[in-house]
Amino acid sequence: TPYNGSVPPAHTYPPQQIPAPYNGSGPSAIPSNLNQPYNAIVPTTVPPPVVNVGLRPVVHVTPVKKSLVEAYLLWLIFGLVGAHHFYLKRPFFGLVYFFTFGLLGCGYLIDLFRMPYLVKKVNERESEGPQVGAEKKNISDAYTLWFPFGLLGFHHFYLGNPWIGVLYLFTFGLFGIGWLVDLFRIPSLVKDANNQTLEKRERKVCTAYILAMSPLGIFGTHHFYLNRPITGCLYFFTFGLLGVGWLADWFRIPILVRRANKEIFEGNVEEKFLDDAYILWFPFGLCGTHHFYLNRPIWGTLYFFTFGLLGLGWLVDGCRMPCLVKECNKKSEERARLPVYQVPRTGYVISTQGGQAAHMNFNNPNFVPQQAAPQQMPFPPAYQYGQPANVPSYMEQPPPYSSPGNSQNTDETTKSSK
């Protein structure tokens, strides 16, 4: 039956929501098999759901996880030169493996059994985002460096004890005695390294100058002291970048100490610096060291096998180095602004549709959100405008659409329309 414009007396319609009578000039909006008028009330607009006061909407971006299969493939083919460590964002171990052929094969074989642990740790670190302070040391890494290169103090350099590391370097682990004793005390050494307070970790300019200007500086001891193990390892195997980097460090020790303390107190900063890039560019930039430093591993590998694009790319990079550093820092800032690094680590409440709220906890990846108590919404439920409290909306009642208590009026209207 076409809609005749009659309105049941129990309903109150705003003027702008009264539908016009059907004039028969087009298809009816009401199904023809219904013998009662369409009396459902549909508001013109429905307010959107709101977020609770004091909270902001968050889009959680999941970082790309490292694959265990890919890590094993890199370990099998190029593991002796540390390819799997570079893949797992462990450049310090990657360089150590590169110059020692996988710790003379010992570390290479150990990684066969601890690869699942390494992949799990890097995925957890990526999901948590940057942490304040230096990255915590772990026992498996310390033991891997202890055998056999612990005789040269590698595990002490890793645990932030450069003085003991230098002593082991020149005495072959205190003639082997200290090396054997460390087999039993490595767990306590790792615990002490992780429990150091920020005040104890603060680096001093005087100490850094003593290490840098002594003959030990050519082996990068001052970089190990300043929590720069990658640069220290590079100095160790290249004799201070053939002495060039070692001499340049004499004039920039205060700057390096200030950067190290900033990283200790404010967290791991991914900012790259122009002076570091130029020191790596000359003379070892022919091997692509500055590209590896600027997170450009493809270009670094290309330079390594082509001797800096036959020297031409190396010369060009000397002119465009400021642009490369600026571009690298810009990408780091964009990654830092991703929502995954801005999500608070404590539980909070964020509202959902229908006036319900869910308590979210991002500390536990297996956490299942639970509905909280209904929150008061700034608008009434949809499709209930002007109806009695005991009358469900037209979305909750089957056709024909009518209101209880108005059946008599509806029957009279139907007879008159017939």
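Right, let's walk through the structure included here. (Residues numbered from 1 in each chain as written. Predicted model: local features only at pLDDT ≥ 70, side-chain atom pairs only at ≥ 80, totals over all residues. Heavy atoms only, no water.)

Moving on: helix α7 (residues 162–175). Considering bend angle alone, the principal kink of α7 is centred on L169 and spans about 90°. Structurally, α7 contributes buried residues whose contacts are with α6 (154–158), α8 (177–194), α11 (221–225) and α12 (229–242). Phi for G176, located one or two positions after α7, is positive at around 90°. (Bend = angle between axes of the 7 residues up to and from the residue. Helix = DSSP H or I, 4+ residues; strand = E, 2+ residues; numbered from the N terminus. Contact = heavy atoms within 4.5 Å.)

This next bit is on the side chain of N194. Within the secondary structure, N194 sits in helix α8. Ignoring any residue separated from it by four or fewer positions in sequence, one finds N194 in contact with K136, K137 and R201.

Residues of helix α5 (residues 139–146) that are buried: D141, A142, T144, L145 and W146. The secondary structure elements touched by the buried residues of α5 are α3 (91–104), α4 (106–128), α6 and α8. (Buried < 20%, exposed > 50% of the residue type's maximum accessible area, 1.4 Å probe, protein only.)

Turning next to the environment of Y143. Looking at the element boundaries, Y143 is found in helix α5. Here the alpha-carbon distance between Y143 and I186, two residues 43 residues apart in the chain, equals 7.4 Å.

Counting residues in each nonpolar core, the largest one holds 25 residues, and the members touching the most others are F92, V96, L145, F154 and Y158. Listing elements by their share of this core, those giving two or more residues are α3, α5, α6, α7, α8 and α12. Sort the elements by how many residues they give to this core and α3 lands first, with six residues. Setting aside chain neighbours within four positions, we find V96 in contact with L103, L145, F154 and C233. (Core = buried A, V, L, I, M, F, W, Y, C linked by side-chain atoms within 4.5 Å.)

What follows is about the packing of α5 against α8. One can describe the packing of α5 onto α8 by two numbers: an axis separation of 10 Å at closest approach and a directional angle of 160°. Taken together, α5 and α8 sit at an angle that is classed as roughly antiparallel. In this structure, α5 crosses over α8, and the sense of that crossing is right-handed. Judged by residue contacts, I139, A142, Y143 and W146 of α5 engage W179, D182, L183, I186, P187 and V190 from α8. Looking at the contact of α5 with α8 residue by residue, the classes come out as nine nonpolar, no polar and one charged. (Axes fitted to C-alpha atoms, helices over the stretch in contact; angles between N-to-C directions. Parallel < 35°, antiparallel > 145°, perpendicular 65-115°, else oblique. Left-handed = near helix turned anticlockwise from the far one by under 90°. Nonpolar A, V, L, I, M, F, W, Y, C, P; charged D, E, K, R; others polar.)

Here we come to the pattern of salt bridges. Under the defined criterion, the tally for this structure stands at 13 salt bridges. Here R252 and D275 are joined by a salt bridge, their closest N and O atoms 2.9 Å apart. A residue pair is termed long-range when its members are at least 10 positions apart, and R252 in helix α13 (residues 244–266) and D275 in helix α14 (residues 274–281) qualify at 23 residues. Residue class for R252 comes out buried when judged on its relative accessible area of 7%. The network of salt bridges with common partners includes R228, D249, R252, R259, D275 and D276. (Salt bridge = Lys/Arg side-chain N within 4 Å of Asp/Glu carboxyl O.)

We now examine the side chain of D182. You can see D182 is positioned in helix α8. Once residues within four sequence positions are removed from consideration, D182 is found in contact with W146, H155, H156, Y168 and L189.

In total, this model carries 26 aromatic pairs according to the counting rule given. Arranged with centres 6.1 Å apart and planes meeting at 35°, the rings of W146 and F147 form a pair that is tilted. Between the aromatic rings of F154 and F236, the centroid separation amounts to 5.9 Å while the plane-to-plane angle is 90°, which identifies the pairing as edge-to-face. Placement of F154 in helix α6 and of F236 in helix α12 is noted, with a sequence separation of 82 residues between them. Taken together, F98, F99, F149, F154, F170, F219, F236, F237, F239, F304 and F305 form an aromatic cluster joined through their ring pairs. Its guanidinium or amino end placed over the ring of F93, R90 lies 4.4 Å from that ring's centre, counting from NZ or CZ. Its guanidinium or amino end placed over the ring of Y293, K272 lies 4.9 Å from that ring's centre, counting from NZ or CZ. (Phe/Tyr/Trp six-rings, centres within 6.5 Å; stacked < 30°, edge-to-face > 60°. Lys NZ or Arg CZ within 6 Å of the ring centre and 35° of its normal.)

One can describe the packing of α14 onto helix α17 (residues 312–336) by two numbers: an axis separation of 10 Å at closest approach and a directional angle of 165°. Our classification of the angle between α14 and α17 gives roughly antiparallel. You can see that α14 and α17 cross each other, and the crossing is right-handed. Every residue of α17 that contacts α14 at L274, A277, Y278 and W281 is listed here: W314, D317, G318, M321, P322 and V325. Here the contact of α14 with α17 is built from residues that sort into eight nonpolar, one polar and one charged.

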